[in-house]
Structures are given as C-alpha cells and as structure tokens.
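# Examination of the molecular architecture
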Amino acid sequence: MTWGWWLVTLFGWTGLQELPALFTEAEQREIDRLSPLPKAPVDETNRFADDPAAARLGQYLFFDPRFSANGEISCATCHDPALGFADGQSLGEGLEVLPRHTPSIWNSAYSRWLFWDGRTDSLWSQAMRPMESAVEMGGHRLQFFQLLQNDAALREAYQQVVGDLPTLEVPAENLGDWAARWETMDPSDQSQVTEVFVNLAKCIAAYERRLVSRNSVFDRFVEGFRRGHKAALSSLSPAAQRGLKTFVGRGNCTLCHHGPTLSDGEFHDIRVPDGDGGEPTDSGRFGGVPTLLADEFNARGPYSDDTGGKAARRLKFLVNSPENWGTFKTPSLRNVARTAPYMHQGQFSTLREVVEYYSTLESARPPGHHGGEQILVPLFLSDEEIDDLVAFLESLTDEEIDPLLRKGPSSPLFIE
C-alpha cells in the first residue's frame, strides 16, 4: 500500500485536499531514511568530546577574540549563531578575504571530513587551522599557551578538564614575533605547548558537538507519517510536500543528499562556475587528500586519542585520484535556509537560484577532463516545482538549541 492510499484511509478524500503530495512506496522508503537525526557518532579521537566541562571551556574559547593576532577575531566571527553559524558572505573573511565560502557548523559532529576539501578528519583538528592561519585568526599556539598562563580563570578551567598546565617559560618579547620566539624553544617544550593547543581545540570540538538540529517541521512530519498523527502531517505545507516528492522522486536529490544529515559527506564536481566567472583553479578534494594524510593532527597521528579506531582506519584506505580535482564536499541541507549564500564560493545568493541551477544547468561549466558528475542532468522544473522544492528545503530548519549555547559564557568554568 502506498502512503497516498494510507492517507486516504486516514483522512478521506476531503482531508487529502490539504495533503496533495501522494508518495509511492519507493518514495516512502527514501523519506524514512531522512529522519530522525540520530545521536552524534562517538569521536574516539577526542577523549573530551562529550565532557560537559570541556564543552563549557570550548564555548568560552569559541567566542573569545584574544586567540587571534589582532584580538578582534574569534571562531564566532565567521560562525555567527545569528547567521546559522556561518557568516552570510560569499567568501569568508578573517585577517584577509579567503578563497572559499564559510560553511555552517550546524551538525558538524556528523562529518567524516571537514572543510570544503576534507583536509581534516575531526572537529578538533579542524578547529586548529583557522586559529593559526595567517589569513584567518593569525594566532600562534605559544600565544595561546601564554594566555592560559596569565588568565587565572582559563587556567583553572583547563585544569578542570585536562589537568595542570605545564610549567614552562615563554621566551621574551625581545626575541621577535611568536614564530621567532617559538624557534628558540627546546623541542620537548614545544611538544608540551602543542599538546595544550590540541587540548584547547578538543574542547572547542566538545562545544561544537552540541550544535545539533533534529526537530525541524520536516522531522515532525516524518514522525507523523510513521505514527499517523494528523497534526504533525498537516504541519508540512502542501507546497513543501510536493517539493519533498520531487526531492525523493524525479529530482533524484537523495543521490548526494541522503540519510538523516541530508548529505553523503563526500565530494562532487557539480560544475558550478567560479565566483569570478573564470576557469576554476581550486583543486578541492584533490589537494585536500594529501594534506590530510600528511597531517600530524589526523586520526592516526600522535595527538589522536585512538590511533587504531574507525576514523584512523578510514585513512588507511584513503587514496587520491585525478577524479578528485575540483570536487567539493556535499553540505548538509539541515538549516540550509539560514545559511545563504551557497556553494564553495557562495556563487548563489538564494535557495531559488540553487534549484534553478539544477533545473537548467544553464551556467554550468563544460565537463572537465574527467567528465564531471555523470549523474548531473537538467531537471527542467516548472516555476511551481521550483517554488515547491524551496518550500521543502525551508522546512528543514530547526535552530532551537539551548539559547545559552548561542553566546559566550561569562566564565570558562563548568559548575554542575
């Protein structure tokens, strides 16, 4: 029996005038796979991943601009809670304008690979990159260590989570900038400072793991379908239901946007034109794979808390190939309506522009040397079908987390 006939039985023909999208059994199975979002997977590489004291310290660090070169940029500068934990700009901007769009960190705990090119494989190793990047926050791990030494509350919070801060002497300012001072240190002292930096990043990851979105209108609709709750079923507008039917049906969107995260977590070249209109120069995943494999902060590196676990084993079988050139990670569609603009350079300003692109492929780059995505074909949607798909994508919004998670806490200390 199809969902359509099931709805007829439940509501009768008159009631179905409010629920016009009738789903086949195949479509029902696809929808079943999209919700609910389960508990975030365990991160065996981070022993602090689910420690509430670590999450509290991490949240404080996330909003603290002192961990930047100019004292003005924090993680929250580019991942603003008011902007869907993104920044609302086509290209990210820290100390300089960046070459890629800032992705949202909603539900990032579910990602196998981080960044558009997947060059890190954990939330904590991802958090380290912007903090020391010369074009983003521009800080230095030795700077961070000294900040903990000099800030009693931070030091106490670190001790609460990790243990005592190592007793080290930070080289004097007259020896040069942070990098120059770093070079004067004994390698064993450098290693201890790096360990502190890693622990701070693992605390930031513990906070980010709490940014989970699983109670959208769409989620309630699916639950209503399963349980036969009329109120939940009617919560999804007729337009959104029609859009959902297209999404799981002839649109074939679930080839890449499947599962409860509505992403395959992998990398594709959908031939979107570069933001400047020129030929693409960003290698995407092709550059990300060797960077990840060489990274001492990856899942099998010395700073991982489980060098033989599932995440580490993934790296053992990770290989690069020319087909990876110019491919970028499939973003999750949860809260997608709150994270404009879209694509890896923010090429599209609205969801409607995104759907129109998939409908016509009018501005698509010609297939490259390896042919691009073979499954990418124009959908030739009508204006109404485009509106319906946008309505469905808007139904994936849920930003109702604990309001206290949306701002910097007054203290880094966790109090039960």
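All of the points below concern the structure found in this document. (Residues numbered from 1 in each chain as written. Predicted model: local features only at pLDDT ≥ 70, side-chain atom pairs only at ≥ 80, totals over all residues. Heavy atoms only, no water.)

## Let's talk about the packing of aromatic side chains
As enumerated under the stated definition, the model contains 13 aromatic pairs in all. Here Phe 297 and Tyr 303 contribute two aromatic rings whose centre-to-centre distance is 5.2 Å and whose plane-to-plane angle is 35°, an arrangement assigned as tilted. Linked through ring pairs, Phe 23, Phe 221 and Phe 225 together constitute an aromatic cluster. For Arg 314, the ring lying beneath its charged end belongs to Trp 113, and the centroid distance is 5.7 Å. (Phe/Tyr/Trp six-rings, centres within 6.5 Å; stacked < 30°, edge-to-face > 60°. Lys NZ or Arg CZ within 6 Å of the ring centre and 35° of its normal.)

## Considerations on the packing of helix 2 (residues 25-32) against helix 12 (residues 238-248)
The geometry of helix 2 relative to helix 12 is characterised by a closest axis approach of 10 Å and an angle of 95° between their N-to-C directions. On the basis of the axis angle, helix 2 is roughly perpendicular to helix 12. Along the contact surface, helix 2 presents Glu 27, Glu 30 and Ile 31, while helix 12 presents Leu 244, Lys 245 and Val 248. (Axes fitted to C-alpha atoms, helices over the stretch in contact; angles between N-to-C directions. Helix = DSSP H or I, 4+ residues; strand = E, 2+ residues; numbered from the N terminus. Parallel < 35°, antiparallel > 145°, perpendicular 65-115°, else oblique. Contact = heavy atoms within 4.5 Å.)

## Observations regarding the environment of His 257
Its location among the elements puts His 257 in the loop between helix 12 and strand 1 (267-268). Overall, His 257 belongs to the buried group, its relative accessible area being 14%. Separated by 73 residues in sequence, His 257 and Thr 330 have C-alpha atoms that sit 7.4 Å apart. Sequence-distant contacts of His 257, that is, excluding residues within four places in its chain, are made with Leu 34, Phe 247, Leu 262, Ser 263, Thr 330, Pro 331 and Leu 333. A distance of 3.0 Å separates a polar side-chain atom of His 257 from the backbone oxygen of Leu 262. (Buried < 20%, exposed > 50% of the residue type's maximum accessible area, 1.4 Å probe, protein only. Polar contact = N/O pair within 3.5 Å; in protein donor to acceptor, adjacent residues only side chain to side chain.)

## Things to note about the nonpolar core
Phe 62, Phe 67, Trp 124, Leu 148 and Leu 154 are the most contacted members of the largest nonpolar core, which totals 59 residues. Put simply, the parts of the chain that give this core at least two residues each are helix 3 (52-62), helix 4 (75-78), helix 5 (123-132), helix 6 (141-150), helix 7 (152-161) and helix 9 (187-208). Residue contributions to this core peak at 11 residues, all from helix 9. Beyond its immediate sequence surroundings of up to four residues, Trp 124 is in contact with Asp 43, Thr 45, Asn 46, Val 198, Ala 201, Lys 202, Ala 205, Phe 297, Tyr 303 and Ser 304. Listed in part, the 38 residues of the second largest apolar core include Phe 218, Met 343, Leu 351 and Leu 396. (Core = buried A, V, L, I, M, F, W, Y, C linked by side-chain atoms within 4.5 Å.)

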